[in-house]
Amino acid sequence: MEKVIAINEFYSLAVDLEKQRLYVELKGQWMNLKLLNSFMSDAKESAIHFFDTYSCITDLTGLMPFNERQAKPIAISIVGFLTSNSMRNSAQILPESHEASQQVISLVRQTGKVLTVFGDKLTAEMYLDSHAS
């Protein structure tokens, strides 16, 4: 069962302790470091709920196109956190906006990380459930 840790107009974070899963939803335009600091604080609070390793679903469907130069430091911080050593597996749902989707792919490639992309949350859930340890 999901327990909401934080929710606002730009993101939501929830945990499922039984599945040891973090649920992240990012939406809108991420353009400032104050928002990043708030997200990172809430994300760290979310991560302390897990016993050991965890899986993560990141839903980016509501993310809007952004200025890549301004967003790059924010994206790198978020990707770094979401792909930490404690995360065993992840699944992403890309933005509905084609432009934002391409921007996300480009930024993630710059970090050297790999996306495991699904079209909806249910399919992402099934993938992570089948890869649970």
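Relevant structure appears above.
Overview of the structure.

## Quick notes on the packing of aromatic side chains
One pass over the full model with this rule turns up three aromatic pairs. Here phenylalanine 50 and tyrosine 54 contribute two aromatic rings whose centre-to-centre distance is 4.6 Å and whose plane-to-plane angle is 15°, an arrangement assigned as stacked. Using a relative accessible area of 8% as the deciding quantity, one classes phenylalanine 50 as buried. Judged by centre distance (4.9 Å) and plane angle (40°), the ring pair of phenylalanine 118 and tyrosine 127 falls under tilted.

## Considerations on unusual backbone geometry
Phi angles above zero are rare outside glycine, and glutamine 20 is one such case at about 55°. Within the element layout of this structure, glutamine 20 appears in the loop between strand E2 (11-16) and strand E3 (21-28).

## Topic: the sheet that holds strand E1 (residues 2-7)
A sheet is described by the order of its strands in space; here six strands give the open sequence E1-E2-E3-E4-E5-E6, paired in mixed fashion. Sheet topology places E1 and strand E6 (117-118) at the edges, where each strand pairs with a single neighbour. Docked against the sheet, helix H1 (residues 33-47) engages E1, E2, E3 and strand E4 (54-63), running at close to 5° with respect to E2. Relative to strand E5 (residues 87-93), helix H4 (residues 121-130) is tilted by about 160°, and along the sheet it contacts E1, E3, E4, E5 and E6.

## Let's talk about H1
Over its 15 residues, H1 runs 21 Å from end to end, which matches the ideal 21 Å to within 8%, given 1.5 Å per residue. Here H1 has its buried residues at Leu35, Leu36, Phe39, Met40, Asp42, Ala43 and Ser46. Buried residues along H1 sit against E1, E2, E3 and helix H2 (68-82).

Reading the values: the criteria
- Residues numbered from 1 in each chain as written.
- Predicted model: local features only at pLDDT ≥ 70, side-chain atom pairs only at ≥ 80, totals over all residues.
- Heavy atoms only, no water.
- Phe/Tyr/Trp six-rings, centres within 6.5 Å; stacked < 30°, edge-to-face > 60°.
- Buried < 20%, exposed > 50% of the residue type's maximum accessible area, 1.4 Å probe, protein only.
- Helix = DSSP H or I, 4+ residues; strand = E, 2+ residues; numbered from the N terminus.
- Pairing = 2+ DSSP bridges.
- Contact = heavy atoms within 4.5 Å.
- Axes fitted to C-alpha atoms, helices over the stretch in contact; angles between N-to-C directions.
- Expected span 1.5 Å × (residues − 1).

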